[in-house]
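Per-entry structural report
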Amino acid sequence: MNQTALSPSKQWHPSNQPNLKPLTTSPTTFNPIKSLRFNNQNLPVLRSALNPSSQPPPVVVVGSANADIYVEIDRLPKDGETISAKTGQTLAGGKGANQACCGAKLSHPTYFVGQIGDDAHGNLVADALREGGVVLDYLSVVPAAPTGHAVVMLQASGQNSIVIVGGANMSFWPENLPVRHLEAVSSAGIVLLQREIPDFVNVQVAKAARNAGVPVIFDAGGIDAPIPQELLDFVDIFSPNESELARLTGLPTESFEEITEAALKCHKLGVKQVLVKLGDKGSALFVEGEEPIQQPAIFAKTVIDTTGAGDTFTAAFAVALVEGKSKKECLRFAAAAASLCVQVKGAIPSMPGRKSVLELLNHH
């Protein structure tokens, strides 16, 4: 495997740099992880192996990075039909990159582990993540594969249809993840996974997190295929939307009662908590043995683009959870973040900052 590492974000300032073991099992050269300084007084004082001081443990996102190619259309084309788009543009996205950027924009230290190609789309993604404040010490360039990309067909209603090309997200991952990557996972406050990278990568990460006592949130979005039981065994919170929940359980999810039954099936598969995103119907958290917690949607003034709303919700929930908020508060914080997201075009460009989320919550 031929990889090179990106330079770390210039927005972060190193302090108390930890002594990580150099990687000797791979020819890849990586930059050492850097500690972070934050001024946010709302963050709790937490400690971990790589954060021995008062720094909060980071959100670590392992997942995909895409260039999203947007085309605005009045409607989807019919079979054999060619239609003209109103506009077209390319923006950074991918479920992993989206969630990482959301975590960083919410003023929590966030690391991203992923792969991009050595191409213009890769530069676009890396630049967007840097500007969002994400630490890129674990983002690798794979010259042998193109950066993953997605064609997003955005309809006038604000709904979208997406076609994904996996590229570097699905190719040339090392059979065994580098030691320093797994060290970052083990020192995290929480780990986020999705289904736009190979299952074997997610399994390694989830195992490392479980062994270190780090909670894992697994977003169901991405590959439309059965989830390996080996992966579910190491997931703390499984987070599908209602259509993903229906597809993966084989049960209907039209009513809340049906959603509850589908969540119970997930419990039987070994997942203790199921966080279901219900779009304009809000969200619900099903904890095994407890009553479901429901959260209504916080409606946006205008829906411009729903792309990235689910990723924003998941990442915001994770940030609130690692900061010690109650599950109900986590749901409300995530709902506010998602409401702000759908009011801006694009995925990463639409991720809200902490101040905006708190202001919305204060007035809602």
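Everything discussed here concerns the structure shown above.
Let us look at the structure shown here. (Residues numbered from 1 in each chain as written. Predicted model: local features only at pLDDT ≥ 70, side-chain atom pairs only at ≥ 80, totals over all residues. Heavy atoms only, no water.)

Remark: helix α1 (residues 95-105) packs on helix α2 (residues 120-132), axes separated minimally by 8 Å, with the N-to-C direction vectors making an angle of 20°. With respect to α2, the axis of α1 lies roughly parallel. Note on element contacts: α2 touches α1 through A128, L129 and G132, opposite A97, C101, A104 and K105. Among the residues forming the contact of α1 with α2, the class breakdown is 5 nonpolar, 1 polar and 1 charged. (Axes fitted to C-alpha atoms, helices over the stretch in contact; angles between N-to-C directions. Helix = DSSP H or I, 4+ residues; strand = E, 2+ residues; numbered from the N terminus. Parallel < 35°, antiparallel > 145°, perpendicular 65-115°, else oblique. Contact = heavy atoms within 4.5 Å. Nonpolar A, V, L, I, M, F, W, Y, C, P; charged D, E, K, R; others polar.)

On to the packing of helix α6 (residues 242-249) against helix α7 (residues 256-268), then. The description of two helices packed together rests on the angle between their axes and the distance between the axes. It is at 10 Å that the axes of α6 and α7 come closest, and there the two elements cross at 55°. One finds that α6 runs oblique with respect to α7. Pair α6 / α7 crosses with left-handed handedness. Across from E242, L245 and T249 in α6, the residues of α7 making contact are I259, A262, A263, K265 and C266. (Left-handed = near helix turned anticlockwise from the far one by under 90°.)

Where the residue is not glycine, phi is negative for most of them; where a peptide bond is considered, it is trans in most cases. Within the chain, S107 stands out as a residue other than glycine whose phi angle is a positive 70°. Tracing the chain through its elements places S107 in the loop between α1 and β5 (110-117). Of note in this structure, F172 is not a glycine but carries a positive phi near 65°. By the secondary structure assignment, F172 is in the loop between β8 (160-165) and α3 (179-186). With a relative accessible area of 42%, F172 lands in the partly exposed category. (Buried < 20%, exposed > 50% of the residue type's maximum accessible area, 1.4 Å probe, protein only.)

The strand order across the open sheet built from 4 strands is β4-β3-β7-β8, with neighbouring strands paired in mixed fashion. Edge positions in the open sheet fall to β4 (88-93) and β8, since each of these has one partner strand only. Averaged over all neighbouring strand pairs, the angle between strand axes comes to 25°, with direction disregarded. (Pairing = 2+ DSSP bridges.)

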